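# Breakdown of the fold
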Amino acid sequence: MAGPRASSGFRRPRFWRRLVPAAALWLLGFSVGVHAAPAYPEETVRRGQYLAVAGDCTGCHTNPRGGAPFAGGYGIVSPLGTIWSSNITPSRAAGIGAYTESQFTQALREGIRADGTHLYPAMPYPAYTGLSDEDVHALFAYFQQAVAPVDTRPPKTRLPFPFNLRVSMVVWNALFLRNTRFEADPSKSAAWNRGAYVVTALEHCGDCHTPRNLLMAEKSGRAFAGGPVKPWYAPNITPDPISGIGGWSHQEIVQYLKTGAVSPKSQAAGGMAEAVSDSLQYLHPEDVDAIVTYLETIPPIRADTDTRAAFDFGGPADFETSVRGVDTGQGSLAGGAALYSGNCASCHQPAGTGTKDQTFPVLFHNTVTGASQADNLISTILHGVDRDADGHRVFMPRFGEESYIQPLTDEQISTISNYVLQTFGNPNVLVSTKDVATARKGH
Amino acid sequence: MKVPVVTDGDVTADVVIIGAGVVGAMIADQLVGEGQSVAMLDSGPRIDRGQVVENWRDMPIKSRAGSDYQGLYPQNPYAPAPLYFPPNDYIDLSGPDGQSYAQDYIRAVGGTTWHWAASCWRHLPVDFRMKSAYGVGRDWPISYDDLEPYYCRAEEEMGVSGPHDLALQSPSQRSRPYPSDMVPWGYSDTRFARVVDPHGYNCVPIPQARMVQPWNGRPACCGNNNCMPICPIGAMYNAVHHVQRVEARGALVLADSVAYRIDTGANNRVTAIHWYDSDRRSHKATGRAFVVACNGIETPHLLLMAANKMNPEGIANSSDQVGRNMMDHSGFHCTFLADEPLWFGRGPEQTSCMVGFRDGAFRSEYSANKMILYNITRAIPATEQALKLGLVGQALDDEIRRRVAFGVDISISLEPLPDPNNRLTLSKTRRDTLGLACPDIYYELGPYIHKGYDAACDQLRHIGTLFNATEFAITTKLNANNHLMGGTIMGSDPKDSVVDGNCRAHDHDNLWLPGGGAMPSSSVVNSTLSMAALALKSADDIASILRKS
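Parameters at a glance
- Residues numbered from 1 in each chain as written.
- Chains lettered and ligands numbered in written order.
- Predicted model: local features only at pLDDT ≥ 70, side-chain atom pairs only at ≥ 80, totals over all residues.
- Heavy atoms only, no water.
- Helix = DSSP H or I, 4+ residues; strand = E, 2+ residues; numbered from the N terminus.
- Buried < 20%, exposed > 50% of the residue type's maximum accessible area, 1.4 Å probe, protein only.
- Contact = heavy atoms within 4.5 Å.
- Areas by Shrake-Rupley, 256 points an atom, 1.4 Å probe, with all protein chains shown as cover.
- Core = buried A, V, L, I, M, F, W, Y, C linked by side-chain atoms within 4.5 Å.
- Domains from an automatic or database assignment.
- Buried area = accessible area lost by both parts, 1.4 Å probe.
- Salt bridge = Lys/Arg side-chain N within 4 Å of Asp/Glu carboxyl O.
- Polar contact = N/O pair within 3.5 Å; in protein donor to acceptor, adjacent residues only side chain to side chain.
- Nonpolar A, V, L, I, M, F, W, Y, C, P; charged D, E, K, R; others polar.
- pLDDT = per-residue confidence, 0-100.
- Phe/Tyr/Trp six-rings, centres within 6.5 Å; stacked < 30°, edge-to-face > 60°.
- Pairing = 2+ DSSP bridges.
- Axes fitted to C-alpha atoms, helices over the stretch in contact; angles between N-to-C directions.
- Parallel < 35°, antiparallel > 145°, perpendicular 65-115°, else oblique.
- Disulfide = S-S within 2.5 Å.
- Patch = residues over 30% accessible without salt bridge, like charges linked within 9 Å, V, L, I, M, F, W, Y side chains within 5 Å.
- Arc of directions from axis to C-beta.

Scanning chain A from N- to C-terminus turns up 18 helices and eight strands. Classification of the 443 residues of chain A by burial places 58% in the buried group. Residue pairs in contact within chain A that sit at least 24 positions apart in sequence constitute 69% of those at least 6 positions apart. Here chain A displays about 18,400 Å² of accessible surface, and carbon together with sulfur accounts for 57% of that area.

Within the largest apolar cluster, 139 residues are counted, with the highest numbers of intra-cluster contacts made by Met158, Phe192, Phe332, Met354, Ile410 and Ile463 of chain B. Tallying contributions element by element places helix H12 (residues 528-548) of chain B first for this core, with 11 residues. Every residue in contact with Ile463 of chain B, bar those within four places of it in the chain, is listed here: Phe192, Val196, Tyr201, Phe336, Met354, Met371 and Ile410 of chain B. Formed by 63 residues, the second largest nonpolar core is a distinct cluster that contains Leu131, Phe140, Trp172 and Val288 of chain A.

This brings us to the domain arrangement of chain A. Often the size quoted for an interface is simply the accessible area lost on bringing the parts together. Residues and elements named next belong to chain A. As far as domains go, chain A holds domain 1 (15-176), domain 2 (190-305) and domain 3 (311-441). Opposite the 24 residues of domain 1 that make contact, domain 2 presents 30 residues. Here domain 1 meets domain 2 over a buried area of about 2,200 Å², counting both sides, of which 62% is carbon and sulfur. Applying the counting criterion to the domain 1 and domain 2 interface returns zero salt bridges. Where domain 1 touches domain 2, the interface holds six residue pairs in polar contact (both at pLDDT 80 or more). Considering every element that reaches the side of domain 1 that touches domain 2, the biggest residue donor is helix H1 (residues 42-54), with four residues. Considered class by class, the residues forming the side of domain 1 that touches domain 2 number 15 nonpolar, five polar and four charged.

This part is about the confidence of the model for chain B. Interpretation of this model should avoid reading the predicted coordinates in detail wherever pLDDT is low. Per-residue confidence for chain B gives a mean pLDDT of 97; residues scoring 70 or more make up 100%. The ipTM assigned to the predicted complex is 0.94, against a pTM of 0.92.

Right, let's talk about the interface of chain B and chain A for a bit. Across the contact, 26 residues belong to chain B and 30 residues belong to chain A. Summed over both partners, the interface of chain B with chain A buries about 2,200 Å², with 47% contributed by carbon and sulfur atoms. Counting across the chain B and chain A interface gives two salt bridges. Our count for the contact surface shared by chain B and chain A stands at 11 residue pairs in polar contact (both at pLDDT 80 or more). For the side of chain B that touches chain A, the secondary structure elements donating two or more residues are helix H2 (49-57) and helix H7 (240-248) of chain B. In terms of residues, the side of chain B that touches chain A owes the most to one element, H2 of chain B, which gives seven residues. Residue classes in the side of chain B that touches chain A are distributed as nine nonpolar, 10 polar and seven charged.

Taken together, the buried positions of helix H9 (residues 250-259) of chain A are Glu252, Ile253, Val254, Tyr256, Leu257 and Thr259 of chain A. Those residues of H9 of chain A that are buried are in contact with strand E5 (261-262), strand E6 (266-267), helix H10 (270-278), helix H11 (285-295) and strand E7 (385-389) of chain A.

For the rest of this paragraph, the subject is the side chain of Lys265 of chain A. Residue position: Lys265 of chain A is located in the loop between E5 and E6. Exposure remark for Lys265 of chain A: the relative accessible area of 10% places this residue in the buried category.

Turning to the packing of aromatic side chains, a few remarks are in order. All names here are of chain B. The final tally for this structure, using the stated rule, is 30 aromatic pairs over all chains. With 4.4 Å between their ring centres and 50° between their planes, Tyr101 and Tyr443 make a pair best called tilted. With Tyr101 in the loop between strand E4 (92-94) and helix H4 (130-134) and Tyr443 in the loop between strand E15 (437-442) and helix H11 (447-466), this pair connects stretches of sequence that are 342 residues apart. With a relative accessible area of 1%, Tyr101 lands in the buried category.

All right, on to the sheet that holds strand E12 (residues 369-374) of chain B then. All names here are of chain B. In space, the six strands of this open sheet follow the order E5-E11-E12-E13-E10-E16, with antiparallel pairing throughout. If you trace the sheet from one side to the other, it starts and ends with strand E5 (203-205) and strand E16 (470-474), each paired once. The mean angle between the axes of side-by-side strands here comes to 25°, regardless of whether they run parallel or antiparallel. Alignment of E5 against strand E11 (residues 350-354), held across three bridges, turns out to be antiparallel. By the bridge assignment for E11, Val204 is matched with Cys353. Sheet contacts for helix H10 (residues 393-406): strand E10 (330-337), strand E13 (407-414) and E16; angle to E13, the most-contacted strand, approximately 40°.

Now for the sheet that holds E4 of chain B. All names here are of chain B. The strand order across the open sheet formed by three strands is E4-E15-E14, and the pairing between neighbours is mixed. On the outer flanks of this sheet lie E4 and strand E14 (423-431), each paired with one strand and no other. This sheet shows a mean twist of 30° between the axes of neighbouring strands, independent of strand direction. In this sheet, E15 lies alongside E4 in parallel orientation, the contact comprising three bridges. Across the sheet, Leu93 pairs through a bridge with Ile441, a residue of E15. In the packing of helix H8 (residues 298-305) onto the sheet, the strands contacted are E14 and E15, and the crossing angle to E14 comes to about 65°.

Residues and elements named next belong to chain B. In this structure the tally under the stated criterion is 50 salt bridges over all chains. Between Arg547 and Glu34 there is a salt bridge, with its nearest N and O atoms 2.6 Å apart. Linking Arg547 in helix H12 with Glu34 in the loop between helix H1 (22-33) and strand E3 (38-41), this pair joins segments that are 513 residues apart in sequence. A relative accessible area of 52% means that Arg547 is categorised as exposed. Taking relative accessible area as the criterion, Glu34 reaches 36% and is therefore assigned partly exposed. Among the salt bridges present, the one from Arg153 reaches Asp540, with a minimum N-O distance of 3.1 Å.

Turning our eyes to something else, we now look at the packing of helix H5 (residues 144-158) of chain B against H12 of chain B. Residue and element names in this part refer to chain B. One way to put it is that H5 packs onto H12 with a least axis distance of 8 Å and a crossing angle of 105°. Looking at the two axes, H5 sits roughly perpendicular to H12. Contact residues: Asp146, Leu147, Tyr150, Tyr151, Arg153, Ala154, Glu155 and Met158 in H5; Leu529, Ser530, Ala532, Ala533, Leu534, Leu536, Lys537 and Asp540 in H12.

We now examine unusual backbone geometry. The step from Ser263 of chain A to Pro264 of chain A runs through a cis peptide bond, and the omega angle for that step is 0°. One can find Pro264 of chain A in the loop between E5 and E6. Following Met228 of chain B, the chain continues into Pro229 of chain B via a peptide bond in cis, with omega recorded as 15°. By secondary structure assignment, the location of Pro229 of chain B is in the loop between E5 and H7.

Taken as a whole, this structure holds zero disulfides over all chains when the rule is applied. Of the cysteine sulfurs around Cys205 of chain A, a residue in no disulfide, the closest is that of Cys208 of chain A, at 8.9 Å. With a relative accessible area of 18%, Cys205 of chain A lands in the buried category. Looking at Cys334 of chain B, it has no disulfide partner, and the nearest cysteine sulfur is the one in Cys457 of chain B, 8.1 Å off.

Further remarks concern a nonpolar patch on the surface. Nonpolar side chains collect at one region of the surface, where Phe161, Leu165, Val167, Val170, Val171, Leu175 and Leu215 of chain A lie side by side and expose about 690 Å² of accessible area between them. Inspection of the secondary structure assignment puts Val170 of chain A in helix H6 (residues 168-176).

On to the confidence of the model for chain A. For chain A, mean pLDDT is 87; residues scoring 70 or higher make up 88% of the total. In this model, residues 1-37 of chain A is a region of pLDDT below 50 whose contacts with residues beyond four sequence positions or in other chains number 151 contacts.

All names here are of chain B. Listing the buried residues of helix H6 (residues 187-196) in full gives Ser188, Asp189, Phe192, Ala193, Val195 and Val196. Looking down the long axis of H6, one finds its buried residues gathered within 165° of arc, a one-sided arrangement. Against the buried residues of H6 lie E5, E10, E11, E12, E13 and H11.

Quick look at the structure:
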């Protein structure tokens, strides 16, 4: 697994980041029971470990600030209060050491803890419900046998009324939970079926990439069409060549999943950087290939307003003569070109080309600047990039208020964003200072 | 979270710190962590990195070629710092070697860590015992062992990369490893070391407050080769990191606030420090503990300026040592063209250094030295030289490239001894825009330095032969290195020193003067890490005293 990373402010801005006050359905821990862990064959445990990585359990259940693996206690600051992830180590006192396999299965597939309490679907049980019996068994074996028990109880999550009423989840589940296992389509190849299983159940890609309805359930008919994961945006990953990733080659998508970067098209940040760092990079090559095989066949979805692929905008800039020798006085830099030059060009280069080796990526023909939403551009500037994949730590410092490099104001960030959009990206997108202020707060 | 109280522009806090540079900011960080309320005043503005980067890019080539690290930084008009392009004559330099004390420093939040090479050297254990070991200079009242834990902590606070290999450490007496292994050597360092090391010059990596991997919110150094005058990407430690950390935890940081008066009361304890804001209005800060950490020039300057009835010769100055013993590493350069391409100028500006003559019995007679392999790109001097040859077109390009690749610049530092005659005083004639007396400095370097210079020249000529050097040149005028030391010197005897081993003023129970001014010996190495270690030691002292009271 990826090693511990320095704190990067916004960790885990996944699906639950959508859970703004309108509809808050949150994760809470498992509880305690009494049972002994049986011994499982090494092969089963190893398989369970792989599945745990593929399911990215660590994403929420390991505190990135030096927490023990799967001990939970990762505090998620939300508008409703702090949400604490649960301890899923085999500790009998604080974790799931006392769970029976059927209790574990019920938690995973139906979102019901051993004590009968309902989980919020921040725990992706609506996806995990598709997991096969064999895989659930292997996961159980892994967690009971190979994970070190940690007897520390994470703090209790206390949300205000009405979000504390877990009983409402019964209704939600009745409406939205399809408690059925993944079924292979015999008319499709083995690779396609494997890909469908990994995408829909194990990696729960739709959690972020499928837009949600008002009750926070995935919108039917809009699978993988993209949606906000505040303050980021999970893009359309259907094979539509304009709105989706139909313009990407098979190999490009494979490379992106393994490394988080395809030059010049896109670089993973936010939740996708975590998914790559914690999970996707460790998948077997045949599983990655299967994911792409499947994604290439899902129904393409086009946004009416999109006219060009996000990676098809912009070109190199040439602003040097407009900013050189101009007396900016001793105050602040004025204008997008000057702000870009002073704060961004040292790495991304004055022309926006990035460096030759693309350690610092090109800004044009880039989905972050060419997207129809500026969320990922704003959030990259505010919160930076932190990705650990392919043997490299990729790090762009944040320019939000905690920045050690330069804390930029909302106005400076909106000015830079608009300059970048006009010059390198989608000129139809405009960023307001309010957009930046909102993204700064994380929602 | 305990926060300072502000009433009508006056401030009350547990701890009042003057100077938001590396020393002040680290002390603030420690004491905020102790739950104390902290107010920190800095005479200069807050700096916008992007603005300074653009100012640098807009600088005329003459300023760049002359290493103008000052002119690109905005100044508070009420708090001047030295400027040289053109000179503002803020400090009047006199004496035979006055011009060797033309210092660079920044008066701004973050201080001069805005433009430093981030070199984080430790003194050698023997550097603390110069008088006992070599019969010259002074002994510190504390030993290397006393300061060692604080060196470790300072390295951890700043994120220092240094060699894990004991054989490459100078000194190797360490209780904890560096936070990260050394910044890897490039071809130039490796090749140079291979040629000179068999002759005892002992090339070692320079410990430095930057890393080649992301660290604590800082990006990896990517070798812009521009540490001075500005790291354009913020990979290098800057005291603003600690400033931001303390502000986020409730400390009050006031920029453009020029301290000028210090009140003392019962038992000569400090009761208040007064400052002018940017509208020239006067305010005062009261507190339980006071820290003056401006720098090696501005701290004694303020103490002398703040003379009051009870302390007519200046604050903390019953010993008459405030402003005396001014030191800075006397520098000079050796340049030549090697007989092979060495490609200096890639990576950070300083990566390796010859320490073969950092210590030895000779120190009883003349100065030790350290010789930095200057890693600043030779592009500008190479171009100037090639142009002088009258070349044009491709021949000019080729010659510039050749000179950049083959060029060597060695920056040598010598160790001045503390001499009470090297003295900062208040000008009787010159006043700044607030009407405050400007500093005058008299500086004279004696035979200890001059003999050290001669010895180093012999070594350099030998090094030149190892590379079949052409155009071999050694500068004859000693230059400043901006390592300000000595002006509030530390000692055990209040009669001949200003502060004790914790940098607490002998004259005032609740006043600390940590930083370079306290250092009784300068060694030959950059002073920042020692200053930071002294800051942390002071912070522990302040914390324990505040806990008791």
